[in-house]
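Structural features, examined
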Amino acid sequence: MVFSWSDYLQKLDDLRAQGARVFTVGYSVLGRPVYGVFKGSFTGGQVLVQAAMHAREGVTTPVVLQMMENYTGDVGIWCLPMVNPDGVQLADAGLSSVTDEEKRAYVLEINGGSEDFSLWKANINAVDLNVNFPAKWGTGSQNVTYPSPGNYIGEYPLDQPESRAIHDFTLKIQPSVTLSYHAKGEVIYKGFECADPYPELAQSIGESTGYGVFSSGGSAGGYKDWFVTTTYLPGVTVEVGESSVSYRDLYAQTDAIYARNAQVLDICARFVQDIFNG
């Protein structure tokens, strides 16, 4: 069981019918829209949630959509439910999802000739979007400098359309808090190197979800890393799902994962109201 592209479009239609604003912030390498969803007020502090930056972590998309569906607060919540649409489709549907013949041959070669893309992290250019941001870019302990199913930093920061789209959108709306949903491990990462603004937010999310809270170590070039160091505002990475479960099988746990995260948007909204909206 996976969450298909048609499932995604249906959920976006459901949110529109509910009164949410659905829009596009950019396009993937293969031309798929990078959609956004908004609820709440445009005034005051804002929260930005993004998910499925890594291809194999598509379960985060239905989780954050369910979070948005059930959010009824006043604080503005912006959500990018599937930052890496080409990658998610590749991981879940395989080569049939790649419409460009040259790209199909390219990803097959990068994947060592295997048609099993269930562990693929990157976008369709074999760049890992979460090491493509200008935050000590290229210095992460697992970074690689060649096209790969995961961890390739790209030729330079923000050289991919998906990473540029989320970067530019973040600058446009200037959120007070960012949440990055990833899988798996049931842990929360906060801060970046010496920068750890408002650690109490991550702690509150940890207490609500039951996930352990840790400071980031060994990473570089991530979206959270960039946001924290350029704004000195709280960026939190939430890793959902049990480590022992395969990425594909996590889809069967979507409702259980949502239940653990059901209060997260309200926690962020209260934090923004208390700290930034007075």
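Everything below is about the structure printed above this text.
Now for a look at the structure at hand.

What counts, and where the lines are drawn
Residues numbered from 1 in each chain as written. Predicted model: local features only at pLDDT ≥ 70, side-chain atom pairs only at ≥ 80, totals over all residues. Heavy atoms only, no water. Helix = DSSP H or I, 4+ residues; strand = E, 2+ residues; numbered from the N terminus. Buried < 20%, exposed > 50% of the residue type's maximum accessible area, 1.4 Å probe, protein only. Contact = heavy atoms within 4.5 Å. 1 Å grid on protein atoms, 1.4 Å probe; cavity = no way out; pocket = protein on both sides within 12 Å on 5 of 7 lines; lining within 4 Å. Points joined across faces, edges and corners; volume = space filled by probe spheres on them. Nonpolar A, V, L, I, M, F, W, Y, C, P; charged D, E, K, R; others polar. Axes fitted to C-alpha atoms, helices over the stretch in contact; angles between N-to-C directions. Parallel < 35°, antiparallel > 145°, perpendicular 65-115°, else oblique. Left-handed = near helix turned anticlockwise from the far one by under 90°. Pairing = 2+ DSSP bridges. Salt bridge = Lys/Arg side-chain N within 4 Å of Asp/Glu carboxyl O.

Let us now look at unusual backbone geometry. Along the chain, Ala183 connects to Lys184 via a cis peptide bond; the corresponding omega equals 15 degrees. Along the chain, Lys184 falls in the loop between β5 (177–183) and β6 (187–190). Here the phi dihedral of Ala52 falls at roughly 55 degrees; this positive angle occurs in a residue that is not glycine. Relative to the helices and strands, Ala52 is located in the loop between β3 (46–51) and α2 (60–69). Relative accessible area serves as the criterion here: at 0%, Ala52 is assigned to the buried category. Phi is positive for Leu158, which is not a glycine, with a value near 65 degrees. Assignment of secondary structure puts Leu158 in the loop between α4 (101–110) and α5 (161–173). A residue is classified by how much of its surface remains accessible, and Leu158, at 14% relative accessible area, is buried.

The topology assignment puts Tyr189 in strand β6. Spatially, the C-alpha atom of Tyr189 lies 9.0 Å from that of Gly217, the residues being 28 residues apart in sequence. Leave out the neighbours within four places in its chain, and Tyr189 touches Phe214, Ser215, Ser216, Lys224, Gly235, Val236, Thr237 and Glu239.

Roughly 710 Å³ of internal volume is contained in the largest pocket. Of all elements in the fold, only β5, α7 (223–231) and β8 (235–240) reach the threshold of two or more residues within the lining of the largest pocket. Residue classes in the lining of the largest pocket are distributed as six nonpolar, 17 polar and eight charged.

With their axes 12 Å apart at the nearest point, α5 and α7 run at an angle of 30 degrees to one another. The orientation of α5 with respect to α7, classified from their angle, is roughly parallel. For the crossing formed where α5 meets α7, the hand is right-handed. For the pair α5 and α7, the contacting residues are Ile166, His167, Thr170 and Leu171 in the first and Tyr223, Trp226 and Phe227 in the second. Partitioning the contact of α5 with α7 into residue classes produces five nonpolar, two polar and no charged.

A few words on the sheet that holds β8. Spatially, eight strands are ordered β1-β2-β4-β3-β5-β8-β6-β7 in an open sheet, and the strand pairing comes out mixed. This sheet does not close on itself; its edge strands, each paired only once, are β1 (21–27) and β7 (212–215). Ignoring which end each strand starts from, the neighbouring axes of this sheet average 20 degrees apart. As paired strands, β6 and β7 are joined by four bridges and run parallel to one another. By the bridge assignment, Lys190 is partnered in β7 with Ser215.

Below, the discussion takes up empty space enclosed by the protein. Enumeration over the complete set of coordinates arrives at one cavity of 30 Å³ or more. The volume enclosed by the largest cavity comes to roughly 40 Å³. If you go around the largest cavity, the residues you meet are Lys190, Gly191, Asp196, Pro197, Tyr198, Pro199, Leu201, Ala202, Pro234, Gly235 and Val236. Breaking the lining of the largest cavity down by element, the ones donating at least two residues are α6 (199–209) and β8. By residue number, the principal contributor to the lining of the largest cavity is α6, which donates three residues. The class makeup of the residues in the lining of the largest cavity is seven nonpolar, two polar and two charged.

Let us look at helix α3 (residues 85–93). For α3, the tally of buried residues reaches eight of nine residues, placing the bulk of the element in the interior. Every buried residue of α3 is listed here: Pro85, Asp86, Gly87, Val88, Gln89, Leu90, Ala91 and Asp92. Elements that come into contact with the buried residues of α3 comprise α1 (5–18), β2 (33–39), α4 and α5. Phi turns positive, to about 80 degrees, at Gly94, one or two residues after α3.

Turning our eyes to something else, we now look at the packing of α1 against α2. Interaxial distance between α1 and α2 falls to 11 Å at its minimum, and their mutual angle equals 10 degrees. By the criterion of interaxial angle, the relationship of α1 to α2 is roughly parallel. From α1, Tyr8, Lys11, Leu12, Leu15 and Gln18 reach across to α2, where they touch Thr61, Leu65, Met68 and Glu69. Its residues assigned to classes, the contact of α1 with α2 shows five nonpolar, two polar and two charged.

Evaluation of the coordinates by the stated rule reveals nine salt bridges. In this structure, Asp13 engages Arg16 in a salt bridge whose closest nitrogen and oxygen atoms are separated by 2.6 Å. Highlighted residues: Asp13 and Arg16, both in helix α1, separated by three residues, approximately one helical turn. The partner of Lys224 in a salt bridge is Asp225, and the shortest N-O contact between them spans 3.1 Å. Accessibility assignment for this pair places Lys224 and Asp225 in one class, buried.

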